[in-house]
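Summary of the model geometry
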Amino acid sequence: MLDALQPLPPDPILGTTVACRNDPNPLKVDLGVGVYKDDNGTTPIFRSVLQAEQRVLADQATKAYVSPPGDARFISGITRELFGADHAVVTGARVGAVQAPGGSGALRLGAGLLLRAKGDTQLWVPAPTWGNHIPLMGAAGLDMQQYPYYDKQTHVIEFEAMVDTLKQRGPGDVVLLHGCCHNPCGADLTREQWDTIGDLAEERGFTPYVDFAYHGLAEGMDADAYGVRMLADRLPELLVAYSASKNFGLYRERTGLALTITATADGASTATSQMANIARELYSMPPAHGASIVGEILDDEVLTADWKAEVGQMRERINGLRAMLSEHLRTATDSTDFDYIAGERGMFSFLGLSPEQVTALQNDHSVYPIPSSRVNIAGVTEENVARVAAGIAAVR
Ligand code: LMR
């Protein structure tokens, strides 16, 4: 039976890292998958994570299953960081939450919940959006649609076109928004634009679904949460998929949280029970390790302060790399065409190259964006930046 199946090409994001790994050139540069890297090109384990992990291992008395909704300290800690401890949705017990295997697992639980609420839900995602949004949530059964978001040639948010499309949405429609550090384009909504989306959601009655995978990496923990908190202030319903992969560096531990805001506390219990049941159907129970570490950090003021300092250093370094890369591209191309990179946020920006130009950059210069020409800015270093800029200038 299984010999009826055909092999598939590599995933565009994960396959780029494999292609780079197979390149024998010692000067190759991997700008593919979104993992943070330091000046030596390694993805370090956070100090706070190491410390918390030692405590978790020392205190661990069992490997029995965690409860279906997940680690209680992880859930309350992330909820606090996301909305603020005094937010009305927290004090009013209007937050439903289930721990999930990574931000992707959280997205999938939210998709399942939407389908149970309304079998023909349309989920509107930005164009462009993370390459796995449509496969992941489309495979769950949602009707996936796209709204205009970013012009890859002019590098601006197409806000008017976005608003025009969202004006036509209504109750029962769901609109996915990137909380901050838009993946793949790095262009985030301003506060004013977030407010306009809040107005539209109130007027039209659609439900926002915020993918929040880079909390703290754009402007700061509170500043980055502006949009999601504002929506939670104003709307009766909201979904959030939270990832601890990047801001705790816990990629392989698959640490995420699916959250809902509902009009009432009863609604929150219902959403939690439904999401735990969806998890039971899919993989039964969440993994423990990453969530225990995050719970340990967020339950301790000293560790929390140290973790926030580490996130701050990561953010400042990425923003510094953005400035450095755009400066080198100014020199290499004798133009201001890449100045926009300095003003975007998070790990990603588009170079605006064609797939053929990306192939040439990979084959002739050993510089590896993904095929859409998205680059992981955190893969740039002081040592490789001149080579990266020269390669881009040569192929464009
Ligand atoms: C990325 O966009 O590179 C990351 O979110 C990792 C992934 O799973 O695609």
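Residues numbered from 1 in each chain as written. Predicted model: local features only at pLDDT ≥ 70, side-chain atom pairs only at ≥ 80, totals over all residues.

If you check an unreviewed UniProt entry, the protein chain appears there as Aspartate aminotransferase from Euzebya pacifica. Check the Subunit (unreviewed entry) section of the UniProt entry for the protein chain; it says "Homodimer." (UniProt positions renumbered as here; feature names shortened; annotations may be inferred.)

Under the 1.5 Å per step criterion, the end-to-end length of helix H11 (residues 265-282) is 26 Å for 18 residues, consistent within 8% with the ideal 26 Å. Among all positions in H11, only Ala268, Ala271, Thr272, Met275, Ala276, Ile278 and Ala279 are buried. Buried positions in H11, seen along its axis, are confined to an arc of 155° and lie on one side of it. Residues of H11 that are exposed and point more than 90 degrees away from the buried face comprise Asp266, Arg280 and Glu281. Next to the buried residues of H11 lie strand E2 (95-100), helix H5 (102-117) and strand E10 (256-261). Positive backbone phi, at 75°, marks Ser284, one or two positions downstream of H11. (Helix = DSSP H or I, 4+ residues; strand = E, 2+ residues; numbered from the N terminus. Expected span 1.5 Å × (residues − 1). Buried ≥ 20, exposed ≤ 12 C-beta atoms within 10 Å, placed from the backbone. Arc of directions from axis to C-beta. Contact = placed C-beta atoms within 7 Å.)

Strand order across the open sheet formed by seven strands is E2-E10-E9-E8-E7-E3-E4, with mixed pairing between neighbours. The two strands at the open ends of the sheet, each matched to only one other strand, are E2 and strand E4 (143-148). On average, each strand axis in the sheet is inclined to that of its neighbour by 20°, with strand direction left out of account. Pairing geometry for strand E7 (residues 173-178) and strand E8 (residues 207-212), over five bridges, is parallel. Pairing of Val175 across the sheet is with Pro208, part of E8. Docked against the sheet, H5 engages E2, strand E3 (122-127), E7, E8, strand E9 (238-243) and E10, running at close to 160° with respect to E9. (Pairing = 2+ DSSP bridges. Axes fitted to C-alpha atoms, helices over the stretch in contact; angles between N-to-C directions.)

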